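Examining the three-dimensional arrangement
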Amino acid sequence: MRLLTHNMLSSNIKGVTNGFPLRIEVEKVVEKQVEINHDFLMNIFPKIDWKAFFDASRVMGYVELPEEAPEPSVLESDLEFLRKFHHALLELHLEEGALVCPETGRKFPVNKGIPNMLLHEDEV
């Protein structure tokens, strides 16, 4: 599971009002090379919740991102930042582990890079 995916997921358990961001429990992280696409990165950047993204990248062992989100104009001028953003967003994969609801503590397993967000009957 890429951090791009993590940034879009939340817990939909009945009664949960604060289901984002899901906490990551890491068992295995893999890096998969992906060709960089500047247009995609520039378009997705404003949609990313930076604090959740920054925290998730740290949990995954990547410490190259700034704590505060830079201005979008940085994407046009700072190729080094763009490369780091690309790497964290698209090349780091949570292969095995879990996503944990911040409110209930419910764990959603991640196996072979696929998060299982299915709810139990009593959670719907």
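Here, the structure is the one placed above.
Our subject in this report is the structure included herewith. (Residues numbered from 1 in each chain as written. Predicted model: local features only at pLDDT ≥ 70, side-chain atom pairs only at ≥ 80, totals over all residues. Heavy atoms only, no water.)

1. Here we look at unusual backbone geometry
The step from Phe20 to Pro21 runs through a cis peptide bond, and the omega angle for that step is -5°. Structurally, Pro21 is set in the loop between helix H1 (3–6) and strand E1 (23–31). (Helix = DSSP H or I, 4+ residues; strand = E, 2+ residues; numbered from the N terminus.)

2. Some words on the pattern of salt bridges
Counted by the stated rule, this structure contains seven salt bridges. We note a salt bridge from Glu95 to Lys32, for which the minimum N-O separation is 3.9 Å. Taken together, the residues span a long stretch of sequence, with Glu95 in strand E2 (residues 92–100) and Lys32 in the loop between E1 and helix H2 (38–44) at a distance of 63 residues. The class of Glu95 is buried, set by a relative accessible area of 16%. When its relative accessible area of 39% is taken as the criterion, Lys32 is described as partly exposed. Measuring nitrogen to oxygen at the nearest pair gives 3.8 Å for the salt bridge that ties Lys84 to Glu64. Here Lys84, found in helix H5 (residues 79–91), pairs with Glu64, found in the loop between helix H3 (50–59) and helix H4 (74–77); they are 20 residues apart in sequence, far enough to count as distant. Through salt bridges with shared partners, one network takes in Arg23, Glu25 and Lys107. (Salt bridge = Lys/Arg side-chain N within 4 Å of Asp/Glu carboxyl O. Buried < 20%, exposed > 50% of the residue type's maximum accessible area, 1.4 Å probe, protein only.)

3. Topic: the nonpolar core
In this structure, Trp50, Phe53, Leu65, Phe85, Leu89 and Leu99 are the most contacted members of the largest nonpolar core, which totals 32 residues. Elements supplying a minimum of two residues to this core: H1, H2, H3, H5, E2 and strand E3 (107–111). No other element matches H5, which puts six residues into this core. In contact with Trp50, not counting residues within four places along its chain, are Phe45, Leu65, Pro66, Glu67, Glu68, Ala69, Pro70, Phe81 and Phe85. (Core = buried A, V, L, I, M, F, W, Y, C linked by side-chain atoms within 4.5 Å. Contact = heavy atoms within 4.5 Å.)

4. Thoughts on the side chain of Lys84
A relative accessible area of 18% places Lys84 in the buried class. Beyond its immediate stretch of four places on either side in the chain, Lys84 contacts Tyr62, Glu64 and Leu65.

5. Quick word on the side chain of Arg106
By secondary structure assignment, the location of Arg106 is in the loop between E2 and E3. When its relative accessible area of 14% is taken as the criterion, Arg106 is described as buried. Engagement of the side chain of Arg106 in a polar contact is seen with the backbone oxygen of Leu118, the distance being 3.1 Å. Side chain to side chain, Arg106 and His120 meet in a polar contact 3.3 Å long. Arg106 has contacts with Ile13, Leu99, Val100, Cys101, Leu118, Leu119, His120 and Glu123, leaving out every residue within four places of it along the chain. (Polar contact = N/O pair within 3.5 Å; in protein donor to acceptor, adjacent residues only side chain to side chain.)

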